[in-house]
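Chain and residue survey
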Amino acid sequence: MGKGGEDLGNKQINSSESLKSESFPAWAKDVGECEEKFGVSRERGLATDEVLKRHQIYGLNELEKPEGTSIFKLILEQFNDTLVRILLAAAVISFVLAFFDGEEGGEMGITAFVEPLVIFLILIVNAIVGIWQETNAEKALEALKEIQSQQATVMRDGTKVSSLPAKELVPGDIVELRVGDKVPADMRVVALISSTLRVEQGSLTGESEAVSKTTKPVEENADIQGKKCMVFAGTTVVNGNCICLVTDTGMSTEIGRVHSQIQEAAQHEEDTPLKKKLNEFGEVLTLIIGLICILVWLINVKYFLSWEYVDGWPRNFKFSFEKCTYYFEIAVALAVAAIPEGLPAVITTCLALGTRKMAQKNALVRKLPSVETLGCTTVICSDKTGTLTTNQMAVSKLVAMGSRIGTLRSFSVEGTSFDPRDGKIEDWPAGWMDANLQMIAKIAAICNDASVEQSDQQYVSRGMPTEAALKVLVEKMGFPEGLNKTSSLADGDVLRCCGLWSELEQRIATLEFDRDRKSMGVMVDSSSGNKLLLVKGAVENLLERSTHIQLLDGSVQELDQYSKDLILQSLHEMSLSALRCLGFAYSDVPSDFATYDGSEDHPAHQQLLNPSNYSSIESNLVFVGFVGLRDPPRKEVRQAIADCRTAGIRVMVITGDNKSTAEAICREIGVFEAGEDISSRSLTGKEFMDVQDQKNHLRQTGGLLFSRAEPKHKQEIVRLLKEDGEVVAMTGDGVNDAPALKLADIGVAMGISGTEVAKEAADMVLADDNFSTIVAAVGEGRSIYNNMKAFIRYMISSNIGEVASIFLTAALGIPEGMIPVQLLWVNLVTDGPPATALGFNPPDKDIMKKPPRRSDDSLITAWILFRYMVIGLYVGVATVGVFIIWFTHSSFMGIDLSQDGHSLVSYSQLANWGQCSSWEGFKVSPFTAGSQTFSFDSNPCDYFHHGKIKASTLSLSVLVAIEMFNSLNALSEDGSLVTMPPWVNPWLLLAMAISFGLHFVILYVPFLAQVFGIVPLSLNEWLLVLAVSLPVILIDEVLKFVGRITSDYRYAPRTPSAKQKEE
């Protein structure tokens, strides 16, 4: 190795040691400094041994895969829920009791084991569903890996390696990039092979058009969009070739930082507002169950524990294990009664139905709970490019020369997509195009390397979007009738007019665009026999090189100062509207090219090989006109933003695009009013980070705009809004949006233009990329929440009734009316269909005219709780009452109950049934139930144990009937059944029929009746059930009437919280 080689080797060793320890701002250093820092020369690249050393320091150039949660930990997490824990405890205890209760055996033994097994089954299904959701939730990080490049062309040991796996790159590698390549790592551009280099980095930065790259250093504190000499991993080269130096690989790249931010955001995911409320409810329920269980034990302690007082101290304790376990079973029954076991299933069903409704409106929900969260969205943070706008460049204004010097003509162009049939040109001279317009069409069609294709009902651009937009303009302009000729093009071709122009004017040379002259030119061999130079580019630059202008009739006049000023004034006005302007000019080819035919052997061809000659070739031009292009807003967005305002939802626009473009779009779509002063409302991401009181800035009413925003800015805005109590929906389509999508309460990704990373990080995907779909989804979310509130209240009121029933049974000391498995059946099966059907309640007509509900709004207000305590108390009285009536009365309200021949006892005997064995002469006659006969000759006291089966069946039937009628009460919170009759929701009537049908099945199918410990009922007994159940409707109608009278008082505006007062 020579001396130079030794120096380079030492340099590489030193650099590999120092690089890892410090962050090097390659974008702020010139190429020489970068090469020295990384110990490499662009001619030779890195040596193989140096690559191995750097591999040990930096590892592979790929994104880390975080350690997945173990399946054991996932299983444990499913039981990290208060209601689930209570159920688990109840199941374990009831299983143990059933096991030790073996001496009873027979039928009751089967019944005892059904209950714990059913509870375990519920818990297992719940855990499986939870684990399945968890394992499917974190695919965003995998999708990021798909964005990374697979292979790269690298210089190693002075040799070009054309297809090295991209994961083997290390900092310091020299990489060659070409058109269409995916950038494999973050790299510093060290040399341009072509005259220009453009990179599409919108998915990372949010910019709406491809960015020109340079080798010149920029400021050290430049934001990601400002780093013009850097190319970033995952972005795509759309124009040009270059040589680059790898500066960062793997997790150190910009896309790696996004990866880290997604992981971080995933760790900060919070429960939905509904889940928080249900958890709070579970905690309160635990406390109430505990207190009631203790109270039941205290009331009944005398039955299983007694003692005598000797010398003032309790002595001679007597403990009955059998009685103790009996009251323990009652405590378990209380737990089963108090927990709405069917609630998780009904909520899931309702949310699933909601997702189907949303899918019909093009909103695909990936995570079920997000349906409910949508309903209380208070802020929508929207990306601009691709969400509010079409992300398809379109010409919106065409300026041509007038009929005389000093005049211009202006045409407005409709359309927001690459579809040539989308919109027309206003005031267009149909069927006739003057010479000036023909020249504009010719230049736009031929001085152009893009194309437009139809793909799956969508028109997409191939090449630069701005050039594709010019071709679409040519199609809207049409083809001059006089020039029409026989063509090989079919009438159905997307770009037929452009094709006709290309047949008339054969392209023989291209003068590539470069950033110095800011123009592109083509030489054409015209069908008229002469050769022309057609040029398009920045209007100011073309004017500087133009000496003449072409007028309407095609005549050429000298370009005077007045005409120049007029064109520049028009240009300035269009720039203020955030239009990107492109000018058109032409000239005869220079004399050297008069005989040029594109051949490399022609003497003039040498001039085309050196881009520095292009400016002199493109001189003495004739200026013909210019166009204004933009990424246009979607047609329906303005109305959607107005709907948000009506619904009390604030819209904030957060974009990576530049400030003036974003402000113009925001004014157009109604985020800002036309003449509104927005100096305090429109900030760049950097400016916002420098604001002292950021939360106060975000609290401003009306719309806000943040431009030039990086991923970290988006995350910070979402985090601050959430801290301030807002429920945030965040929209986005790029890689740069993924961390904020993950952090927001609702992440909304674009289905068509969105990257896979954004879709995987989101809770909801818009199939049509349309902002107005979000607004429709919010309305649907509000409706679903209202319906969920209705069935949650219905189920909880039913549970209060069950608890009241068991508590009264224990307090009165009468035999247990209903066993746990019967309560489980009611909670899971009988209550399920009506609760689910309440999810079909029609939405309120003014649902999107109300402000969003606060996320801390109470699910059950004090008044609602009082109402359901009254209803619950009635359920308890009715179920226990019918049990007592059967034992103590031969008839009730004129209904004969003596037909089955059962014996009557006094209430005193019923309340002290435990002392039956000490009663002298107590006898009981047999009674019938369906085809069964129950006799108690051998043990009359068994009348209160096995003999209670008919009374228990009556209690269960009353409970089922009351809950069916109570579901009618839940149709409306305060509305009477007179104004909102049951048939407004026919699904509820069907559900009631199903629930009654299921109850009849367990009553009249012998095997099921045996499992549930019940018997068939006679007609008179059914009349008794209805007589005891129907009053629940009348009681709730009275309570609703009181509710309507007091609603103004109850819904009066709340006083501000202490926090708001301080502010």
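Residues numbered from 1 in each chain as written. Predicted model: local features only at pLDDT ≥ 70, side-chain atom pairs only at ≥ 80, totals over all residues. Heavy atoms only, no water.

Three- or four-residue spacings in an α-helix give side chains the same orientation, since the helix completes a turn every 3.6 residues. The end-to-end C-alpha separation of helix α16 (residues 465-477) is 18 Å, in line with the 18 Å expected for 13 residues at 1.5 Å each. Across the 13 residues that make up α16, a large majority, 12, are buried. Within α16 the residues assigned to the buried category are Thr-466, Glu-467, Ala-468, Ala-469, Leu-470, Lys-471, Val-472, Leu-473, Val-474, Glu-475, Lys-476 and Met-477. Once α16 finishes, Gly-478 follows within two positions and takes phi at roughly 85 degrees, a positive value. (Helix = DSSP H or I, 4+ residues; strand = E, 2+ residues; numbered from the N terminus. Expected span 1.5 Å × (residues − 1). Buried < 20%, exposed > 50% of the residue type's maximum accessible area, 1.4 Å probe, protein only.)

Moving on to the environment of Leu-865. Secondary-structure assignment places Leu-865 in helix α32 (residues 862-888). In sequence terms Leu-865 and Ile-796 are 69 residues apart; their C-alpha atoms lie 9.6 Å from each other.

On to the environment of Val-371, then. Here Val-371 is to be found in helix α13 (residues 369-374). Distance from Val-371 to Val-778, taken between C-alpha atoms, is 8.4 Å for residues 407 residues apart in sequence.

On to the state of the cysteines. Considering all chains together, one arrives at 1 disulfide under this definition. Free cysteine: Cys-244, not disulfide-bonded; nearest cysteine sulfur from Cys-242 at 3.4 Å. (Disulfide = S-S within 2.5 Å.)

The next subject is the packing of aromatic side chains. Applying the stated criterion across every chain yields a total of 20 aromatic pairs. Taking 5.3 Å as the distance between ring centres and 80 degrees as the angle between the ring planes, the aromatic pair formed by Trp-919 and Phe-922 counts as edge-to-face. In this structure Phe-922 comes out as buried when scored by relative accessible area, which is 14%. Measuring from centroid to centroid gives 5.9 Å for Tyr-943 and Phe-944, while their planes differ by 55 degrees, and the two rings are tilted. (Phe/Tyr/Trp six-rings, centres within 6.5 Å; stacked < 30°, edge-to-face > 60°.)

Taking the UniProt record as the reference, the feature "transmembrane region" (unreviewed entry) is found at residues 82-100, 112-132, 284-305, 325-353, 791-814, 860-887, 987-1007 and 1022-1042. Secondary structure content for residues 987-1007 is 95% helix and 0% strand, while the C-alpha to C-alpha distance between its ends is 30 Å. (UniProt positions renumbered as here; feature names shortened; annotations may be inferred.)

Where burial is concerned, most of strand β25 (residues 650-654) is hidden: 5 out of the 5 residues are buried. Residues of β25 alternate between two faces, with Arg-650, Met-652 and Ile-654 on one and Val-651 and Val-653 on the opposite face, all of them buried. Direction of pairing for strand β13 (residues 379-382) relative to β25: parallel, over a ladder of 4 bridges. Paired with Ile-380 across the strands is Val-651, a residue of β25. Strand direction decides the pairing type here: β25 and strand β27 (residues 704-707), joined by 3 bridges, are parallel. In the sheet register, Met-652 faces β27, and the bridge partner there is Leu-704. (Pairing = 2+ DSSP bridges.)

Quick look at the side chain of Lys-536 now. Assignment of secondary structure puts Lys-536 in strand β20 (residues 531-537). Residue classification places Lys-536 among the buried residues on the basis of a relative accessible area of 6%. Within polar-contact distance, the side chain of Lys-536 engages the backbone oxygen of Cys-447 at 2.8 Å. (Polar contact = N/O pair within 3.5 Å; in protein donor to acceptor, adjacent residues only side chain to side chain.)

Moving on, we come to the nonpolar core. A general trend in soluble globular proteins is that nonpolar side chains are found buried together. Phe-771 and Phe-887 are the most contacted members of the largest nonpolar core, which has 143 residues in total. For this core, the element with the most residues is helix α29 (residues 771-812), which contributes 16 residues. The two domains that each donate at least three residues to this core are domain 2 (363-389 + 634-769) and domain 4 (785-844 + 858-1045). The residues touching Phe-771, leaving out its near neighbours within four places in the chain, are Ile-380, Ser-382, Thr-387, Leu-388, Val-637, Ala-640, Ile-641, Cys-644 and Val-651. Counting 55 residues, the second largest nonpolar core, distinct from the first, contains Leu-204, Cys-381, Ala-749 and Val-765. (Core = buried A, V, L, I, M, F, W, Y, C linked by side-chain atoms within 4.5 Å. Domains from an automatic or database assignment. Contact = heavy atoms within 4.5 Å.)

Before going further, it helps to examine the sheet that holds strand β5 (residues 198-200). The 3 strands are arranged β6-β5-β8 in an open sheet whose pairing can be described as antiparallel. Either end of the sheet is taken by a strand with one partner, and the two such strands are β6 (211-212) and β8 (236-239).

A separate point is a nonpolar patch on the surface. Residues Ile-71, Phe-72, Ile-75 and Leu-76 make up a contiguous nonpolar surface patch of roughly 410 Å² in combined accessible area. Checked against the element boundaries, Phe-72 lands in helix α4 (residues 71-78). Judged by its relative accessible area of 56%, Phe-72 is exposed. (Patch = residues over 30% accessible without salt bridge, like charges linked within 9 Å, V, L, I, M, F, W, Y side chains within 5 Å. Areas by Shrake-Rupley, 256 points an atom, 1.4 Å probe, with all protein chains shown as cover. Salt bridge = Lys/Arg side-chain N within 4 Å of Asp/Glu carboxyl O.)

Time to look at the side chain of Asn-985. Take Asn-985: it is sitting in the loop between α34 (949-969) and α35 (986-1004). Judged by its relative accessible area of 1%, Asn-985 falls in the buried class. A distance of 2.9 Å separates a polar atom in the side chain of Asn-985 from the backbone oxygen of Ala-837. The contact partners of Asn-985, leaving out residues within four places of it in the chain, are Ala-837, Leu-838, Phe-840, Asn-841 and Leu-971.

Now for the packing of α16 against helix α17 (residues 496-504). α17 packs onto α16 with a crossing angle of 95 degrees between their chain directions and a minimal axis gap of 7 Å. For the element pair α16 / α17, the angle class is roughly perpendicular. Listed contacts from α17 to Lys-471, Val-474 and Glu-475 of α16 are Arg-496, Cys-497, Cys-498 and Trp-501. Looking at side-chain class alone, the contact of α16 with α17 contains 4 nonpolar, no polar and 3 charged residues. (Axes fitted to C-alpha atoms, helices over the stretch in contact; angles between N-to-C directions. Parallel < 35°, antiparallel > 145°, perpendicular 65-115°, else oblique. Nonpolar A, V, L, I, M, F, W, Y, C, P; charged D, E, K, R; others polar.)

A separate point is the sheet that holds strand β2 (residues 159-165). Read across the sheet, 6 strands follow the order β2-β1-β3-β9-β4-β7 without closing on themselves; strand pairing throughout is antiparallel. The open sheet has two edge strands with one neighbour each: β2 and β7 (230-231). As defined by bridge partners, strand β4 (residues 186-192) adjoins strand β9 (residues 242-248) across 6 bridges and the pair is classed as antiparallel. Each bridged residue has a counterpart across the sheet, and for Asp-186 the counterpart in β9 is Asp-248. Where helix α2 (residues 31-38) meets the sheet, it contacts β4 and β9, and its direction lies at approximately 50 degrees from that of β9.

Despite not being glycine, Lys-518 shows a phi value in the positive range, around 55 degrees. Following the sequence through the fold, Lys-518 ends up in the loop between β18 (505-514) and β19 (519-526). At Asn-620, a residue that is not glycine, the phi angle is positive and equals roughly 55 degrees. Within the secondary structure, Asn-620 is located in the loop between α21 (614-617) and β24 (621-630).

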